[in-house]
Amino acid sequence: MATHSLFLLPGDGIGTEIMVEVEKLIAWTNAEQLTDFSTDTGLAGGSAYDKHQVAITDEDTEKAKAADAVLFGAVGGPKWDDVPYEHRPEAALLRLRKEMAVFANLRPAICYPALADASSLKRELVEGLDILIVRELTGGVYFGEPKTITDLGDGQKRAIDTQVYETYEIDRIARVAFDLARTRNNKVHSADKKNVMKSGVLWDEVVKGVGKDYSDVELHHILADNAAMQLVRNPKQFDVMVTDNLFGDILSDVAAMLTGSLGMLPSASLGAPDPVTGKRKAFYEPVHGSAPDIAGQGIANPIAMIASVAMALRYSFGMIELATKIENAISAVLSDGLRTGDIAQDNRKTVGTEEMGAAILAKLKA
Ligand code: NAD
């Protein structure tokens, strides 16, 4: 079995608590010879600042870039509110995303049957939901220049953000979406605003061009505003949705909330395949933050972090069977009625981080 390297960055707050459950999971899969992971652990965010006065050191950044996959907990907290802006905890995330050049952000929205009633939508609309939003992460209006606020002198100001996309940026994210669709239900919706934006016209043109290389995958165009509406009207019509940085930011949050709690949501960010090894740089993290309000109490939900490991197995290591087993274990534990505080329901047993992690592991062992 090939040895794969994992670089763990637990971060701050509940990040460190949920990562402990991941370490136990990896120790078990290694012991069972289901995996052969070598792991190393670094500091990111406030914990790195406390020790090194930076959000992440050069050394840990290099380790992240060299690893087969990075597992990231969460960073931030009120303790670091007043540190210099360039060293704020979130700077670690931005540096890693930039230096690892992870341009494809994958946000699955899966509704576990046992939690269907936690959604703000009716059970029949969300039960069995399994969609994947693929968001372009390193281009578009968040990064485009010029990006300015100009004083016009008469009490007026002018703010400018620039939406810029080049062919290669759209081409590569479209290929990620089509490749992923092939591992799922062979359907891609591409969302843009080509009716009012030139970047949308190019987006659509390039996606359709890429689509010709994937004649086995159904491609649909959808305007981004309609996509938002359809996500809350009939989300199960979608399989993979690919979209730009801005629309993806919004649509992935909409999709995420269909499933209930922040504590349940994993994510992946992938870079381009290495020309020699074919491997993509990859970064896996829960969607939630460091939850300072509950940090240190042992009550955080570890499911988003554990589901992020399942994503790593699936997307970085091709271990689909083991990934599915972990996802099924999560589902089974929820069906048994186990809940952490964030997804607590009447008549269900509320457990802490450790107990939830142990229950998932016990299902896997069974
Ligand atoms: P948050 O996601 O940390 O918490 C929002 C709410 O959800 C809180 O009430 C929290 O208790 C709850 N929650 C989140 N994850 C949970 C889990 N796994 N189990 C149980 N409950 C959970 O967002 P926030 O409060 O806006 O931010 C807190 C800190 O985290 C800030 O410093 C913020 O900058 C940072 N943050 C970091 C990341 C990241 O590292 N990727 C993402 C978002 C926010």
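Since this is a predicted model, take the numbers as computed values, not measurements.

1. Thoughts on the packing of helix α11 (residues 320–335) against helix α12 (residues 353–365)
No. 1: Where α11 contacts α12, the two axes come as close as 9 Å, and the packing angle between them is 120 degrees. Accordingly, the angle class assigned to the pair α11 and α12 is oblique. The element α11 and its partner α12 pack so that their crossing is right-handed. In contact with K325, I326, A329, I330, A332 and V333 of α11, α12 contributes A359, I360, K363 and L364.
No. 2: Across the contact of α11 with α12, the residue classes break down as eight nonpolar, no polar and two charged.

2. A word on the packing of helix α10 (residues 303–315) against α11
The axes of two packed helices give the description: the angle between them and the distance between them.
No. 1: Where α10 contacts α11, the two axes come as close as 7 Å, and the packing angle between them is 160 degrees. Put simply, α10 runs roughly antiparallel to α11. The handedness of the crossing between α10 and α11 comes out as left-handed. Counted together, I303, I306, A307, V309, A310, L313 and R314 of α10 and I320, L322, A323, I326, E327 and I330 of α11 form the full contact between these two elements.
No. 2: Partitioning the contact of α10 with α11 into residue classes produces eleven nonpolar, no polar and two charged.

3. So, the domain arrangement of the protein chain
No. 1: Entries for the protein chain in the domain assignment read domain 1 (4–129 + 259–365) and domain 2 (164–257).
No. 2: The C-alpha centroid of domain 2 is placed 25 Å from the C-alpha centroid of domain 1.
No. 3: At the junction of the two partners, domain 1 supplies 15 residues and domain 2 supplies twelve residues.
No. 4: Put simply, the parts of the chain that give the side of domain 1 that touches domain 2 at least two residues each are β4 (104–110), α5 (123–126) and β11 (266–273).
No. 5: In terms of residue count, β4 provides more of the side of domain 1 that touches domain 2 than any other element does, four residues in total.
No. 6: In the side of domain 1 that touches domain 2, the residues fall into eleven nonpolar, three polar and one charged.

4. Concerning the site of the ligand
No. 1: Close contacts around the ligand come from 22 residues, with G76, G263, H288, G289 and N301 the closest.
No. 2: Split into classes, the residues belonging to the shell around the ligand amount to ten nonpolar, eight polar and four charged.

5. A word on the nonpolar core
No. 1: With 105 residues, the main nonpolar core has V70, V134, A177, Y284 and I306 as its most contacted residues.
No. 2: Setting aside chain neighbours within four positions, we find A177 in contact with V134, V188, V240 and V242.

6. A word on the sheet that holds strand β12 (residues 280–286)
No. 1: Spatially, ten strands are ordered β2-β1-β3-β12-β11-β4-β5-β10-β8-β9 in an open sheet, and the strand pairing comes out mixed. Among the strands making up the open sheet, the edge pair consists of β2 (37–41) and β9 (218–223). Within this sheet the neighbouring strands show an average axis-to-axis angle of 20 degrees, counted without direction.
No. 2: Alignment of strand β8 (residues 187–192) against β9, held across six bridges, turns out to be parallel. If you follow A191 over to β9, its bridge partner there is I222.
No. 3: Strands β8, β9 and β10 (240–243) of the sheet are contacted by helix α7 (residues 198–211), whose axis makes an angle of about 165 degrees with β8.
No. 4: Contacts from helix α8 (residues 224–233) reach β8, β9 and β10, with the element oriented near 100 degrees to β9.

7. Thoughts on the environment of V75
No. 1: If you trace the backbone, V75 turns up in the loop between β3 (69–74) and α4 (90–100).
No. 2: Owing to 30 C-beta atoms within 10 Å, V75 belongs among the buried residues under this scheme.
No. 3: Once the C-alpha coordinates of V75 and K212 are considered, the two residues, 137 residues apart in sequence, prove to be 41 Å apart.
No. 4: Excluding its chain neighbours within four sequence positions, the residues that come into contact with V75 are G11, D12, G15, A44, G45, G46, P89, E90, A92, L93 and S290.

Scoring rules and cut-offs
Per chain, residues are indexed from 1 in the order of the written sequence. Under the rules for a predicted model, residues below a pLDDT of 70 receive no local features and side-chain atom pairs below 80 are neither given nor counted, while totals for whole chains, interfaces and linings still include all residues. For helices, the axis comes from a line fit to the C-alpha atoms of the stretch in contact; other axes are also lines fit to C-alpha atoms, and the angle between any two N-to-C directions lies between 0 and 180 degrees. Secondary structure follows DSSP: runs of H or I at least 4 residues long count as helices, runs of E at least 2 residues long count as strands, and numbering of each begins at the N terminus. Angle categories are assigned with fixed cut-offs, so that under 35 degrees is roughly parallel, over 145 is roughly antiparallel, 65 to 115 is roughly perpendicular, and the rest are oblique. Crossing handedness is read from the near helix: turned anticlockwise from the far helix by less than a right angle, it gives a left-handed crossing, and turned clockwise, a right-handed one. C-beta atoms are first placed from the backbone for all residues, and any pair lying within 7 Å is then listed as a contact. Any residue that is not Ala, Val, Leu, Ile, Met, Phe, Trp, Tyr, Cys, Pro, Asp, Glu, Lys or Arg is counted as polar, Gly included; the first ten are nonpolar and the last four charged. Note: domain ranges come from an automatic or database domain assignment. Near, for a residue, is defined by distance from a backbone-placed C-beta atom to a molecule or strand, with 6 Å as the limit that must not be exceeded. For this analysis, nonpolar core means a set of buried Ala, Val, Leu, Ile, Met, Phe, Trp, Tyr and Cys residues linked through C-beta atoms within 7 Å. Buried, partly exposed and exposed are defined by the number of other C-beta atoms within 10 Å of a residue's own C-beta, namely 20 or more, between the two limits, and 12 or fewer respectively, with C-beta atoms placed from the backbone. By this definition, two strands are paired if DSSP reports at least two bridges between them.

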